[in-house]
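Understanding the architecture of this molecule
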Amino acid sequence: MRLGLDITPLTRRPSGVGTYVRQVLAHLPPLLAPGDALLGWATGLHVPCGAPPEMRVRHLPLPTRAVYACWSAAGFPCPDTLLGGLDVFHATNYFLPPVRRARRVLTIYDLAFLVEPRWASPKVVDLFARRVPDFAARADAVITCSEHSRNDIVRLCGVPAEKVFVAHGAPDPALAPVERGAARARAAELFGFDAPYVLHVGTVEPRKNLEPLLQAFAQACKGRPHRLVLVGAPGWGMDAFHAAAARENLGDRLIMAGYLPRREDLAAVYSAADLFVLPSHYEGFGLPLAEAMACGCPAVASESSCLPEVGGDAALYFPPADADALAARISEVLDTPDLAERLRAQGPAQAARFTWAETARRTLDVRSEERRVGKECRSRWS
């Protein structure tokens, strides 16, 4: 089998999509049969980094959106042709390219831009909202990263349930509990303060629902020594976030730490936190929740989308629009050492249910499942 994948998301500062693609690629090669070939396709002005050494890569140094426009208007360039012929092409980032003969597998991580367009960047909504349902219908198989997202794809894209497969995300294997003293020392070096803190990890954007977190922290941590640390790159909609932060008057208690590229630093930051909070309106998988649990950090998450699916009984939940309920959850964990310790103990076991090796196996298994359920769709290639 000649298997091609879109590795455009492999940048030096990967998003959740980039992390997913990087980890699947890292765990795919041992699963391939003798004689199988793994080939990479990429667009964009920057060469992707982190592909397996055995992968032959074809990089088209054009802006990705310009390539999308060519695909939509003219039906070329075809990745399978430029890669010398493929049996399967796996589109890893929502957009399905034209192909000559390859079967097409499409990954859709979430449908936030359809569920509630105001949670997504207008650029994403304009590009994907009308196209992704059509791409899902035309793909031979669709992969997503949670059962919740699978249900949304079936409901909102109108594709048969048997055509949509789940390959969960997973925490990085390098993320594990760090001894608390060492973790706190490293966090103090990174952040420039030695005080307890509540942690959030993720891009700062409206879908992450950070305004209730700011309100809840101000309410629950008034009189406490804690600070609120946000780890992640700034996204779109920052003006509204800054306005909310100003209303809560958190001053230097709000720490905007930015993106942390080193896994060992991120493990220390999770391990040193008194509490991790993921208040998102909507997630496809909610990778930071799994990461926090893997590091033994007590976790509170919104009860929206897939987050209860990921956190199970090892996290506490609150309604995403209810800042008072979140404040109560924060106080509950910070005031109840036995509860915090229970969550610390349960988190790694819950996170261990998700592994990238299993994600890669399920991704590869889609090929055989797709052959089983999609005979009529593929008859055009015979």
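Computed from a predicted model, the values in this text were never measured in an experiment.

With that settled, consider the confidence of the model for the protein. Confidence along the protein averages 93 in pLDDT terms, with 96% of residues attaining 70 or more. Counting contacts from residues 373–382, a segment whose pLDDT is below 50, to residues more than four positions away or on other chains yields 15 contacts.

Another aspect to go through is empty space enclosed by the protein. By the definition in use, this model includes 1 cavity of 30 Å³ or more. Its boundaries defined by the atoms lining it, the largest cavity holds a volume of some 50 Å³. The wall of the largest cavity is formed by Leu-5, Tyr-20, Val-21, Val-24, Leu-25, His-90, Thr-92, Thr-107 and Tyr-109. Top contributing element to the lining of the largest cavity by residue count: helix α1 (residues 16–27), with 4 residues.

With their axes 5 Å apart at the nearest point, helix α14 (residues 323–335) and helix α15 (residues 337–351) run at an angle of 95 degrees to one another. Comparing the axis directions of α14 and α15 gives the class roughly perpendicular. In this structure, α14 contributes Glu-332, Val-333 and Asp-335 to the contact, and α15 contributes Pro-337, Leu-339, Ala-340 and Leu-343. Of the residues belonging to the contact of α14 with α15, the class tally is 5 nonpolar, no polar and 2 charged.

A few words now on unusual backbone geometry. Omega for the bond connecting Phe-76 with Pro-77 falls within 30 degrees of zero, at 0 degrees, which places this linkage in the cis form. Within the secondary structure, Pro-77 sits in the loop between α2 (64–74) and α3 (79–82). Residue Asn-249 is not a glycine yet carries a positive backbone phi of 55 degrees. Turning to its location among the elements, Asn-249 is positioned in the loop between α10 (238–248) and β10 (254–258). Assessed through its relative accessible area of 67%, Asn-249 is described here as exposed. For Ser-305, which is not glycine, the phi torsion reads 45 degrees and is therefore positive. When its relative accessible area of 17% is taken as the criterion, Ser-305 is described as buried.

Here we come to the sheet that holds strand β8 (residues 197–201). What the 6 strands build is an open sheet, ordered β10-β9-β8-β11-β12-β13; its pairing is parallel. Because the sheet does not close on itself, it has two edges, and the strands there are β10 and β13 (316–318). With direction set aside, neighbouring strand axes in the sheet form an average angle of 25 degrees. By the bridge criterion, 5 bridges tie β8 to strand β9 (residues 227–231) in an arrangement that is parallel. Within the sheet, the bridge partner assigned to Leu-199 lies in β9 and is Val-229.

For the rest of this paragraph, the subject is the pairing of strand β11 (residues 275–278). Here β11 shows a buried face lined by Leu-275 and Val-277 and a second buried face lined by Phe-276 and Leu-278. The parallel pair β11 and strand β12 (residues 299–302), bridged by helix α12 (residues 287–294), forms a crossover whose chirality is right-handed.

So, how was this worked out
- Residues numbered from 1 in each chain as written.
- Predicted model: local features only at pLDDT ≥ 70, side-chain atom pairs only at ≥ 80, totals over all residues.
- Heavy atoms only, no water.
- pLDDT = per-residue confidence, 0-100.
- Contact = heavy atoms within 4.5 Å.
- 1 Å grid on protein atoms, 1.4 Å probe; cavity = no way out; pocket = protein on both sides within 12 Å on 5 of 7 lines; lining within 4 Å.
- Points joined across faces, edges and corners; volume = space filled by probe spheres on them.
- Helix = DSSP H or I, 4+ residues; strand = E, 2+ residues; numbered from the N terminus.
- Axes fitted to C-alpha atoms, helices over the stretch in contact; angles between N-to-C directions.
- Parallel < 35°, antiparallel > 145°, perpendicular 65-115°, else oblique.
- Nonpolar A, V, L, I, M, F, W, Y, C, P; charged D, E, K, R; others polar.
- Buried < 20%, exposed > 50% of the residue type's maximum accessible area, 1.4 Å probe, protein only.
- Pairing = 2+ DSSP bridges.
- Right-handed = clockwise from strand over helix to strand, strands pointing away.

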